[in-house]
Amino acid sequence: HRVDPEVEEVLLELVNDFVEQVTMFSCQLAQHRNSDLLEMRDIALHLERHYNIRIPGFPATDIARPFRRQPPQQEHLERLDKVRASVEQAAAEARKAAK
């Protein structure tokens, strides 16, 4: 298949912009970890976080994953209920005393 020269030019411009953006942001990540050297993990982190692109052969365990909040345990929920009841009781007593 052949590609129209205008289409080829537009595609090359898009690729250049993409590579420039990825490189720039990845350099910021390297700088954030106090390094002057751009490493593969910086690029992989940016690509995975912003474009959901994983690099084959690159261990995903090295890339920081977003924190997933665990559902609260039953004991915690029970403590919260007790605290709420105590606060409501104190508020009711304060309203009675104000009358």
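Because the structure is a prediction, the values reported are computed rather than measured.

> Give me the lowdown on the overall build of the protein, citing residues and values where you can.
The helix and strand tally for the protein stands at three helices and zero strands. In the protein, the succession of α and β elements from N to C terminus is α-α-α. Taken against the 2.2 N^0.38 rule, which gives 13 Å for 99 residues, the C-alpha radius of gyration of the protein at 27 Å runs more than 25% over that of a compact globule. The dimensions of the protein, computed from C-alpha atoms along their principal axes, are 85 × 30 × 30 Å. Here the protein holds 99 residues, and 12% of them are scored as buried. Taken as two groups, the 14 positive and 17 negative side-chain charges of the protein have centres that lie 18 Å from each other.

> Quick one: what's the story with the side chain of His-46, residue by residue and with numbers?
In this fold, His-46 is placed in helix H2 (residues 40-51). Ignoring any residue separated from it by four or fewer positions in sequence, one finds His-46 in contact with Gln-21, Val-22, Phe-25, Ser-26, Leu-29 and Tyr-51.

> An account of the packing of aromatic side chains is requested, with residue identities and associated values reported.
When we look at a pair of aromatic rings, we describe it by the centre distance and by the angle of the planes. Counting across every chain of the model gives one aromatic pair. Relative to Tyr-51, the ring of Phe-18 has its centre 5.1 Å away and its plane inclined at 70 degrees; by these criteria the two rings are edge-to-face. On the criterion of sequence distance, the pair formed by Phe-18 in helix H1 (residues 5-32) and Tyr-51 in helix H2 is long-range, its members being 33 residues apart.

> Outline a negative patch on the surface, supporting the account with residue identities and numerical values.
Together, Asp-4, Glu-6, Glu-8, Glu-9, Glu-13, Asp-17 and Glu-20 line one region of the surface with negative charge. Topologically, Asp-17 is positioned in helix H1.

> An account of a nonpolar patch on the surface is needed here, citing residue identities and associated values.
On the surface, Val-3, Val-7, Val-10, Leu-11 and Leu-14 cluster together into a nonpolar patch covering about 440 Å² of accessible area. As for its placement among the helices and strands, Val-10 is situated in helix H1. Residue class for Val-10 comes out partly exposed when judged on its relative accessible area of 48%.

> Explain the pattern of salt bridges to me, and be specific about the residues and the numbers.
Summed over the entire model, instances satisfying the criterion amount to five salt bridges. The salt bridge involving Arg-33 is made with Asp-42; its shortest N-O contact spans 2.7 Å. What makes Asp-42 buried here is its relative accessible area of 4%. A salt bridge links Glu-39 to Arg-41, with the nearest nitrogen and oxygen atoms 3.1 Å apart. Note on Arg-41: relative accessible area 40%, which makes it partly exposed. Each of Arg-33, Glu-39, Arg-41 and Asp-42 takes part in one network of salt bridges that share partners.

> Describe in detail unusual backbone geometry, supporting the description with residues and values.
At Asn-34, a position not held by glycine, the phi torsion is positive, near 60 degrees. Relative to the helices and strands, Asn-34 is located in the loop between H1 and H2.

Each value, and the rule that gives it
Residues numbered from 1 in each chain as written. Predicted model: local features only at pLDDT ≥ 70, side-chain atom pairs only at ≥ 80, totals over all residues. Heavy atoms only, no water. Helix = DSSP H or I, 4+ residues; strand = E, 2+ residues; numbered from the N terminus. Rg over C-alpha atoms; globule rule 2.2 N^0.38 Å. Buried < 20%, exposed > 50% of the residue type's maximum accessible area, 1.4 Å probe, protein only. Lys, Arg positive; Asp, Glu negative; His and termini not counted. Charge placed at Lys NZ, Arg CZ, Asp CG, Glu CD. Contact = heavy atoms within 4.5 Å. Phe/Tyr/Trp six-rings, centres within 6.5 Å; stacked < 30°, edge-to-face > 60°. Patch = residues over 30% accessible without salt bridge, like charges linked within 9 Å, V, L, I, M, F, W, Y side chains within 5 Å. Areas by Shrake-Rupley, 256 points an atom, 1.4 Å probe, with all protein chains shown as cover. Salt bridge = Lys/Arg side-chain N within 4 Å of Asp/Glu carboxyl O.

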